[in-house]
Amino acid sequence: MQGITICMINQKGGCGKSSTCFHVAGYFAKAGYRVLLVDADPQGSLSQGFFGSSIVEDLEQHETLAAMFDGDIFLSSLDELVVGTVFHGIGIIRANQTLAKFNVPEPENSGLNQFAMQTIFDDVEGYDLILIDCPPNLYQCSWNAMLAADYVVIPLPPEDFGTQGLRTVHQAVQCAKELNPRLQLLGQVISRYDRRLVVHRAYEKKLRAIYGESVFTTTIPEAAAFKVALARRQPVSYYSAWCKATKQTRLFGQELFYRINLATQNSQKVA
């Protein structure tokens, strides 16, 4: 795995996009990979997970992802925006409310600005994996992420609000492929899953019946360890090596790696 870019997308909030990026980055970093996290959500949840709300909210625009979209700010390289974390192998481009004004609807009509991420990510080096956390909509930031990414993963909780609009997300991915032919949907991952709930088991069954192998075998549970680890500003793999949440994160990371290899092999066969 080298230089792979994955964006986490769903137009619903509370689906686990930020949490998934945060914790799976920890798994890959502990496994020896270099991970770059990109917070493309004006809410800045992923950034706050590492640095806290007070620090992130006070960042100037030129210190955040918003600098990519501001024509008055010149960036010679991506390194100007990347900051390290206390976890070896994890860097991050942060975001806060300064990004909101750039996250406009109908991004396909924004000219060259829709390629802002793609242009600067083309020159990124030194990372095995780039994970982009997208906002809960399909505006400029999510569109930019898809045009810059190799793969899309859709986290969704197994309940009605979480699955509404999934068809629209799939359509957006197909539209993005017209401008970024290498983009592929790795699949949907069932997040915030509680096997004790009948409704969750029913929705899981329904999703697998509709989308088949496109749904990840691994589910991400609604586990207290995720919340406790986040409160301590640690990916769960660093918080507790043996808890169920860490095990499921590891399984998801391994399946992610497997699906990337499978997609690569299929692309080579087609070529």
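In what follows, the structure referred to is the one given above.
In every chain, residue numbers begin from 1 and rise along the written sequence. Thresholds applied to this predicted model are a pLDDT of at least 70 for local features of residues and 80 or more for the giving and counting of side-chain atom pairs; totals over whole chains, interfaces and linings are not thresholded and use all residues. To obtain the side-chain values, all non-hydrogen atoms of the structure were used and water was disregarded.

1. Overview of the overall build of the protein
Part 1 of the argument: Comment: elements are numbered from the N terminus, with helices defined as DSSP H or I runs of at least four residues and strands as E runs of at least two. A count of helical and extended segments in the protein gives 11 helices and 7 strands.
Part 2 of the argument: The reference for a compact globule is 2.2 Å times residues^0.38; the radius of gyration itself is calculated from the C-alpha atoms. At 17 Å, the protein has a C-alpha radius of gyration in line with the 18 Å of a compact globule built from 271 residues.
Part 3 of the argument: If you line up the protein on its principal axes, its C-alpha atoms span 55 × 40 × 35 Å.
Part 4 of the argument: Here the protein holds 271 residues, and 55% of them are scored as buried.
Part 5 of the argument: Contacts between residues were defined by any pair of non-hydrogen atoms, one from each residue, lying within 4.5 Å. In the protein, of all internal contacts separated by at least 6 residues, the share reaching a separation of at least 24 is 80%.
Part 6 of the argument: Only the protein chains shown count as covering a residue, and every accessible area follows the Shrake-Rupley method with a 1.4 Å probe. For the protein, the exposed surface amounts to about 12500 Å²; the carbon and sulfur share of it is 51%.
Part 7 of the argument: Under this rule, positive means Lys or Arg and negative means Asp or Glu; His and the chain ends count for nothing. To locate a charge, take NZ of a lysine, CZ of an arginine, CG of an aspartate or CD of a glutamate. In the protein, the 24 positive side-chain charges and the 26 negative ones have mean positions that sit 14 Å from each other. Type-normalised accessible area, obtained with a 1.4 Å probe on protein chains alone, sets the label of each residue: buried when under 20%, exposed when over 50%, and partly exposed for intermediate values.

2. Observations regarding helix α1 (residues 17–30)
Part 1 of the argument: The span you would expect from a helix comes to 1.5 Å times its residue count less one. A rise of 1.5 Å per residue sets the reference length of α1, with its 14 residues, at 20 Å; its end C-alpha atoms lie 20 Å apart and thus fit the reference within 8%.
Part 2 of the argument: In terms of burial, α1 is a largely internal element, 12 of the 14 residues being buried.
Part 3 of the argument: Listed as buried for α1 are K17, S18, T20, C21, F22, H23, V24, A25, G26, Y27, F28 and A29.
Part 4 of the argument: Directly after α1, the chain includes G32, whose backbone phi takes a positive value near 100°.

3. Examining the sheet that holds strand β5 (residues 129–133)
Part 1 of the argument: Here we have 7 strands laid out as an open sheet, ordered β3-β4-β2-β5-β1-β6-β7, and mixed in their pairing. At either margin of the open sheet sits one strand with a lone partner, and together these are β3 (82–84) and β7 (184–190). In this sheet, adjacent strand axes meet at a mean angle of 25° when their direction is disregarded.
Part 2 of the argument: Note: strand β6 (residues 151–156) against β7, 6 bridges, orientation parallel. Bridge assignment links Y151 to a residue of β7, and that residue is Q184.
Part 3 of the argument: Across the sheet, α1 is in contact with β1 (4–8), β2 (35–39), β4 (90–93), β5 and β6; its angle to β5 comes to roughly 165°. Between any two strands, at least two bridges found by DSSP are needed for them to pair. Axis geometry follows a simple rule: fit a line to the C-alpha atoms, using only the stretch in contact for helices, then measure angles between N-to-C directions, giving values from 0 to 180 degrees.

4. Considering the state of the cysteines
Part 1 of the argument: Two cysteine sulfurs form what is called a disulfide whenever their separation falls within 2.5 Å. One pass over the structure, following the stated rule, counts 0 disulfides.
Part 2 of the argument: C141 forms no disulfide, and the closest cysteine sulfur to it belongs to C134, at a distance of 7.9 Å.
Part 3 of the argument: A residue is classified by how much of its surface remains accessible, and C141, at 0% relative accessible area, is buried.

5. Let's talk about the pattern of salt bridges
Part 1 of the argument: Between Lys or Arg on one side and Asp or Glu on the other, a salt bridge is scored when a side-chain nitrogen of the former is within 4 Å of a carboxyl oxygen of the latter. Here the structure, examined in full by the defined rule, presents 6 salt bridges.
Part 2 of the argument: Residue D150 is joined to R182 by a salt bridge in which the shortest nitrogen-to-oxygen separation is 2.8 Å. Taken together, the residues span a long stretch of sequence, with D150 in the loop between α5 (140–148) and β6 and R182 in the loop between α7 (166–179) and β7 at a distance of 32 residues.
Part 3 of the argument: Between D194 and R196 there is a salt bridge, and its shortest N-O distance comes to 2.9 Å.

6. A few points about a positive patch on the surface
Part 1 of the argument: Here, patches come from residues exposed beyond 30% relative accessible area and free of salt bridges, joined within 9 Å for like charges and within 5 Å for nonpolar side chains (Val, Leu, Ile, Met, Phe, Trp, Tyr). On the surface, R195, R201, K244, K247 and R250 cluster together into a patch of positive charge.
Part 2 of the argument: No other element matches the 3 residues that helix α11 (residues 244–270) contributes to the positive patch.
Part 3 of the argument: Summarising the element assignment, K244 is placed in helix α11.

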